[in-house]
Each structure stands twice: as C-alpha cells, then as structure tokens.
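In case you want the letters, here they are:
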Amino acid sequence: MNTIMLINAAHPEEYRIAFIKGGMLDGFQVETSTAEQKVGNIYKGMVEKVEPRLQACFVNYGVDKNGFLSITDVHPEYYKVDIPPSGSHRPPPIEKVLHKGQEVLIQVTREMPGRKGAQLTTFISLAGRFVVITPGRVINGVSRKIESEAERHRLKEVMGQIKLPEEIGYIVRTVAAGQSKKDLSKDITHLVRMWKSIRARVKEAPSLSLIHKEQDVGLRTLRDSYTGDVSEILVDEKETFAKIVEYMKIISPKDQEKVKLYRGRKPIFDQYEIEDQIESIYRNKVFLRSGGSIVINQTEALIAIDVNSGRGKAGDEPETMILKTNLDASREIARQLRLRDMGGLIVIDFIDMWDRNHIRQVEKVFRDELKTDRAKIDTAHISKFGLMELSRERLRPSIESKSYMLCHYCSGRGMIMSVESAAISYLRRIWMGLSKGDVVQVTGTLSPEVASYLLNRKRRELSEMEKRYGVAISLTGDRDVPPGEGRLDFLRDEGSKKEPQGDTPE
C-alpha cells in the first residue's frame, strides 16, 4: 500500500510531518520553536559535578539543565588509569576518570521528561542514510530488523570491501537492505568527512559550545523513515520545498520528482482529513472500530493502557466479542505508541480471555504490528491477570510533551481542590494564625470562587473570629489566582510586620 508524506511548514512555530497510508495516519512528527530537539547534537561541555555514589557526573553543555553522564558512557580515551584487562567490562571509578571543570566532547542521546536533564555519552555516533559510523568504537554490525540471513551476509561482505579509517566502526541501517556497494560507500565517505570536520572544530571551539547540530525534523525524517513505499511528498512552504528537493537529490536522486509543492486552498492536513486523527493523539481515550476503547494514562514510572469493551454486534458471543475488541486494541495500541513516541515501561490491561488460542492470537497480532516500529521493543506474554508488559525504546520526547505544558492549575494531577474544601482549609488556616496571638489584621487574596464562598457562606464564622480575637479579616477575590490557591497575610502587633502563611491550602 502506497504512503503519502505531508510536510506542513507554513508556520515557523510548528513544523509537522505526517505519513498517510490507506487514508489513515500512520506516522507523525512535530517540532516546535519552544521545544527544539537536541538528540544527536554534539557539544563541547564541561564537568560541573562528579557523583561517586552514582558513578556518574553532571555536565554543563550550555543549555538550561545539566546533562547526566554515566561512567559506562565515558570513552576509554578519558581514562587517567590503566584500561581494565581484556575481557573485563568494568570501567574504573568515575572520580579517577573525570574531575570538575574538565572539558568533554559529548552527544545528547536522550531527552528526559519532567525536570531531568538529558542523557549524554562521549561515544559519538553519526547517522547517514544507510550507515551509522561510530568513531572510537570498532563495532561492525547489521541492523537486527534485516531478517534475511542472505541479505545480512551480503551487506557484511560489501562493508568488508569498503575501507574505513582505523578506530571507526559501523552499523548498517535497516533501509540499507538491497542497496549497492556504491550507495553504501558514498554514505560512509560523507560521514567520515563530517567526523573530520567535527574534530577540527573541537580544537578551536570554546567550552559550552555547539559543535554539530542534527538536521531539522524534515530532513531527519526523510533520512530515517523514507522508503520506496512513499509515492508522493507534498510540502506547503516554498523554502522548505526547495530544501527537501535538494536533499532528495542526495539520498535518492531518482525519486526527487515525488516531491511536490502543495498549492491547494485548504490547509494541507485538512485537505487529507487527518487533523482529527492528529488531535486524537493528545487525548487519553481512543475509540476502536469494534465499539470498544483504549485509555492511555502516563505516570512517572510507567504507561498504563486499559482496554474497555464496547457494544458488540448483535449475535456476537461474549468470547467472540472480547477477542475482536482485544485484536482491534492490539492494532490501535501499536499505532498509538508509534504516533505518540511513547517510551519506557508499558503495561496493557487486555479484557480477560479464557481461551488460550485467543490469547496466543492477540499476542501474535500485537507483535506483528510492532514490527513496523523503528524503536526497539521487548514484550512479555499476557499474564493470568490479562496484563501484557513491554518496554519501548524512547527515541525522542513524546509528542504530547512537545505541544503541551503542565497545567498550572492542577500541576498535572487532572484535578483541583473543590471550592468547599479550599474554603474550609483557608478558614482553618485563619483560625490557626489567630490562635498564635498578637494579630491585628488578616488579609487574603484567593480565587474568586473561594473568596465568595467564605464571605457569603462562612460570614458568621469569620465574624465570630473577628469578635473573639479583636481583628479585622479582609478577603478579596483575584481572577489571576488559580482555583484552590491563594495567599494569607497576618499583620502582627509587633512592629506591624506581615507574616506570610503560605500560598496553598493544606
């Protein structure tokens, strides 16, 4: 089935790429101006702090958060002690290898969610169209996703005929299957030239500087994901169109005619009716064709996916309906993991099945669907509780993290304190503050709903406190204050000093 590639670059704030197969969204990438990807970038960093307990260090490389560099990601060329004997894979203690203020050439391997800094390595790798070279590591391998033993053997023979500089290894990529020696040699020559240029720049560059920047999302996606199955590439912006054409001349000259400038009246994604499909990526509930649904919830530790049964077709037996729903969910979950770029530990709660043949069928369909995923995935069998565990390599930050920000009202919980609970909490805090004595006035700035509740529904309690303690209580509502939050100030008799009593109710 042919695939259409759409590139939406009309707005500089957001660069979007979609793959459509059979009218369905089959792949999606987005890069925003506020969350530019750093994976693959190479920096000249400086060790900020060494942590012997973690056997790691934190490296400042000129961005907001220091990166995390484990001793296992430190190249032996940095060792100040003897290299471990042959056959030993244990590196020396990090405190004997690196010290604060030391310059290191690092590459970003993974951007972490939340407040964590990126994961770094000193083992540099450079990706081309067909080959990845590994300077400093003589790794000679072929992608495991090339399953044909004959093709793997052919590629190894071809690579053996290509002369590589010493201390540079290679990994043949999946898209190299069927490619000629000329194509592979051309790719390697380009990468080796790039590596020599990087090494030359490192000597002159100051600390905390960017040495090599990965290609933008458009060229990167073409390099990593373009195959002969793509029948057409439509671009909606002239400058981007010109760049894509020039890049296609390099990676696949015979296919450059597939690149076309979109001139339609409708927005390009709207023309192909995929905006609704893209919006579903950001929802936690996805409906299935069988009538069921899957609910995706992401936590700090793992991603939980729950499969819910729906209304089956009339005449369907319960076990048949359950099998249909689970099979449908298997295909959709595999698709959603690709579309959302979700990584880490994932637990799927399928609907309970009693027939072992049905369980094996669901497992097989799910694993077959995962074969089209570029990420490395390790799956377990469905347990007696109906749960399947799998781990998916985190290739890049999730799609959601690029376009959404943490809600400052609920701090990511999805819930806020009710007006009644927040009002009672502040009433208690006022009482607690007054009971300490020496207070002559209480002022509070709360959300309008909470302030209104206290001033109207709890007016009697506030008046009793004013009489009992001889103070004035003044509460005002401010629409800029999120629900459930606010501030109380207690003006004390001693020097008329204000004592803040916290920003949020407990």
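Refer to the structure above for everything that follows.
Before going into details, it helps to say that this report is about the structure given with it. (Residues numbered from 1 in each chain as written. Predicted model: local features only at pLDDT ≥ 70, side-chain atom pairs only at ≥ 80, totals over all residues. Heavy atoms only, no water.)

1. Description of the pairing of strand S10 (residues 131-135)
Next, step 1: Of all 5 residues in S10, 5 are buried, a share of seventy percent or more.
Next, step 2: Neither face of S10 is open: one carries Val-131, Ile-133 and Pro-135, the other Val-132 and Thr-134, and all of them are buried.
Next, step 3: Where strand S9 (residues 126-127) lies against S10, 2 bridges are found, and the strand directions are antiparallel. Bridging from a neighbouring strand, Leu-126 pairs with Ile-133 of S10.
Next, step 4: Where S10 and strand S12 (residues 168-172) come together, 5 bridges link them in antiparallel fashion. Pairing of Val-132 across the sheet is with Ile-171, part of S12. (Buried < 20%, exposed > 50% of the residue type's maximum accessible area, 1.4 Å probe, protein only. Helix = DSSP H or I, 4+ residues; strand = E, 2+ residues; numbered from the N terminus. Pairing = 2+ DSSP bridges.)

2. Regarding unusual backbone geometry
Next, step 1: The phi torsion at Glu-273 lies on the positive side, around 55°, for a residue other than glycine.
Next, step 2: Among the secondary structure elements, Glu-273 is positioned in the loop between helix H5 (268-271) and helix H6 (275-281).
Next, step 3: Positive phi, normally seen in glycine, also occurs at Asp-438, with a value near 65°.
Next, step 4: Tracing the backbone shows Asp-438 in the loop between helix H10 (419-435) and strand S22 (439-446).

3. Description of the sheet that holds S12
Next, step 1: What the 4 strands build is an open sheet, ordered S9-S10-S12-S11; its pairing is mixed. The two strands at the open ends of the sheet, each matched to only one other strand, are S9 and strand S11 (140-142).

4. Re H10
Next, step 1: With 17 residues, H10 should reach 24 Å at 1.5 Å per residue; the first-to-last C-alpha distance of 24 Å fits that figure.
Next, step 2: Among all positions of H10, only Ala-422, Ala-423, Ser-425, Tyr-426, Leu-427, Arg-429, Ile-430, Gly-433 and Leu-434 are buried.
Next, step 3: Considering only its buried residues, H10 is in contact with S22, helix H11 (448-457), helix H12 (459-469), strand S23 (472-477) and strand S24 (486-492).
Next, step 4: Among the residues trailing H10, Gly-437 stands out with phi positive, at a value near 85°. (Expected span 1.5 Å × (residues − 1). Contact = heavy atoms within 4.5 Å.)

5. A word on the packing of H10 against H11
Next, step 1: The contact between H10 and H11 brings their axes to 9 Å, and the two run at 65°. Two packed elements cross with a definite hand, and for H10 against H11 that hand is right-handed. Along the contact surface, H10 presents Val-419, Glu-420, Ala-422, Ala-423, Tyr-426 and Leu-427, while H11 presents Glu-449, Val-450, Tyr-453 and Leu-454.
Next, step 2: Counted by class, the contact of H10 with H11 contains 8 nonpolar, no polar and 2 charged residues. (Axes fitted to C-alpha atoms, helices over the stretch in contact; angles between N-to-C directions. Left-handed = near helix turned anticlockwise from the far one by under 90°. Nonpolar A, V, L, I, M, F, W, Y, C, P; charged D, E, K, R; others polar.)

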